[in-house]
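# A structural walkthrough
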Amino acid sequence: MGQKLKIAGWISVGALAGALTTVSLQTVARGNMAPLPLEELQQLAAVFGMVKSDYVEPVDEKKLITEAITGMVASLDPHSQYFDKKSFKEFAEGTSGKFVGVGIEISQEDGLIKIVTPIEGSPADRAGLKTNDLITKVDDTPVKGLSLNEAVKRMRGEPKTKVVLTIFRKDESRTFPVTIVREEIKTQSVKAKMIEPGYAWVRVSQFQERTVDDFARKVEELYVQDPKIKGLVLDLRNDPGGLLDAAVALSAAFLPENVTVVTTNGQLEESKFTYKATPQFWRRSASNDPIGKLTQATGGALKKVPLIVLVNEGSASASEIVAGALQDYKRATLMGSQTFGKGSVQTVRQLGPDTALKITTARYYTPNGRAIQAKGIVPEIMLDETAEGNVFAALRTREADLQKHLSNGKEVEKKDPEREKAREEAIKKLEEESKKPVAERRLPEFGSDKDFQLAQALNKLKGQAVKASTTLSERKVEKKED
């Protein structure tokens, strides 16, 4: 059991995130490997030699090998990936919730970079940057024409190095430079607040290394504000997933002790595993059990409080584990739209100091044995994005839409001509929306007073009328034929 837990603690189930692996898991994989196909390997060597000798211009041998590995792994499924030095560093940053930069959450507006919010205590926060400030330049480079990713890369860098941001502040009608010294930033994956007296909202945007600690701390703060919370909304919309142990811990905060949260099944014996609502499945040190402390601090209130979980097409993997477990035990009512459907587990195996392989090693199943892969979790109550209907929902890609996606081993999703029709209509709507001013065409921020789905969740908690969707329906699957 101890060895399995060491392996389990470093498994990723996120659409975008993961973690390091253990050597023992890699060793088992090698032990079970069949003899190598020599004829095919000889062909590979022959092709490599021909490209090296016959191609129109010289090619880099290391680059050829790297590209061959990348292509081989990418051919498996959309989530397996070979990490070179650069991509492995970015991957590790996403998992840890740490990066070196200035400390702002950003979006794009009219070709400029808009500050959504400075991260509390970050260099940007200390420098006085504000929500809705627009960044027009990073050092001497105008951001107009840069993609969001390109702008982010320019703002990140080495610790203790300087970057100059040119800021346009609308409400003051002025432009000014701000010099910021980069430092390690710890991102916040959990937000929480009292929406109104007696009703709380907790949003988890990704399952990272610090998520469980942050969740426990913020929920405890809510109960200090109001010890008699009458209802709670757990918001997992657009949560792409992350670390498996964090998903198990978050589920356990609301469930009875020792019940099954999720099971996994794959080719390796170590991938056939059951995760339970018990500290040994998420505790990273003997003294660190934030969920146990939270349960004690709230007197077990979190395990009884009426609970709504909001999900949508962007809720994937680890967030689907939480939603599926709470739904199977009838602990929460799920509202929103059918989730992404990523029911596969990725394990990251380090190949060298700076390279690694992220490979799909198992499928996961809810406590009732439901396979989520390429299907997702279906809420009890379907909700549109706004009071006027859906704006972009039909355009969102789900697991079943991805090329080379795994089946769930039992069923395949039916092709739906109505969905394609809905996508065409959504594209027309998007074109119409794009002609409107930015403030009018963007969907309201999650957790704001204009968040239609959150308002319906509060209505449900209060026993009031809910405006359910009249157009959304489950994307059906059919039995897989052998």
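One structure accompanies this document, and this report is about it.

## Concerning the packing of helix α9 (residues 244–252) against helix α11 (residues 318–328)
For the pair α9 and α11, interaxial distance at closest approach is 9 Å and the crossing angle is 25°. By the angle between their axes, α9 is roughly parallel relative to α11. Like other packed secondary-structure pairs, α9 and α11 cross with a definite hand, here right-handed. Where α9 abuts α11, its residues L244, A247, L250 and S251 lie against A318, I321, V322, A325 and L326. Across the contact of α9 with α11, the residue classes break down as eight nonpolar, one polar and no charged.

## A look at the packing of aromatic side chains
Tallied over the entire structure, the rule returns five aromatic pairs. Ring geometry for F83 against F88: centres 6.1 Å apart, planes inclined by 25°, an arrangement best described as stacked. Arranged with centres 6.2 Å apart and planes meeting at 65°, the rings of Y275 and F281 form a pair that is edge-to-face. One exposure class covers both Y275 and F281, and it is buried. The ring of F176 carries R174 above its face, with NZ or CZ at 4.1 Å from the centroid. Over the ring of F446 we find R237, and its NZ or CZ is 3.9 Å from the ring centre.

## Topic: the environment of P159
With respect to the helices and strands, the residue P159 is situated in the loop between α7 (148–155) and β8 (162–169). When the C-alpha atoms of P159 and G101 are compared, they prove to be 7.7 Å apart, with 58 residues separating the residues in sequence. Other than its neighbours up to four places away in sequence, P159 contacts V100 and R182.

## Re the nonpolar core
Ranked by internal contacts, the top residues of the largest apolar core, which has 54 residues, are F215, L234 and L302. Top contributing element to this core by residue count: α9, with seven residues.

## Remarks on helix α8 (residues 211–225)
The end-to-end C-alpha distance of α8, which contains 15 residues, comes to 21 Å, matching closely the 21 Å that a straight helix rising 1.5 Å per residue would cover. Along α8, the residues classified as buried are T211, V212, D214, F215, A216, K218, V219, L222 and Y223. The secondary structure elements touched by the buried residues of α8 are β11 (190–196), β12 (199–204), β13 (231–235), α9 and α10 (290–297).

The rules behind the values
- Residues numbered from 1 in each chain as written.
- Predicted model: local features only at pLDDT ≥ 70, side-chain atom pairs only at ≥ 80, totals over all residues.
- Heavy atoms only, no water.
- Axes fitted to C-alpha atoms, helices over the stretch in contact; angles between N-to-C directions.
- Helix = DSSP H or I, 4+ residues; strand = E, 2+ residues; numbered from the N terminus.
- Parallel < 35°, antiparallel > 145°, perpendicular 65-115°, else oblique.
- Left-handed = near helix turned anticlockwise from the far one by under 90°.
- Contact = heavy atoms within 4.5 Å.
- Nonpolar A, V, L, I, M, F, W, Y, C, P; charged D, E, K, R; others polar.
- Phe/Tyr/Trp six-rings, centres within 6.5 Å; stacked < 30°, edge-to-face > 60°.
- Buried < 20%, exposed > 50% of the residue type's maximum accessible area, 1.4 Å probe, protein only.
- Lys NZ or Arg CZ within 6 Å of the ring centre and 35° of its normal.
- Core = buried A, V, L, I, M, F, W, Y, C linked by side-chain atoms within 4.5 Å.
- Expected span 1.5 Å × (residues − 1).

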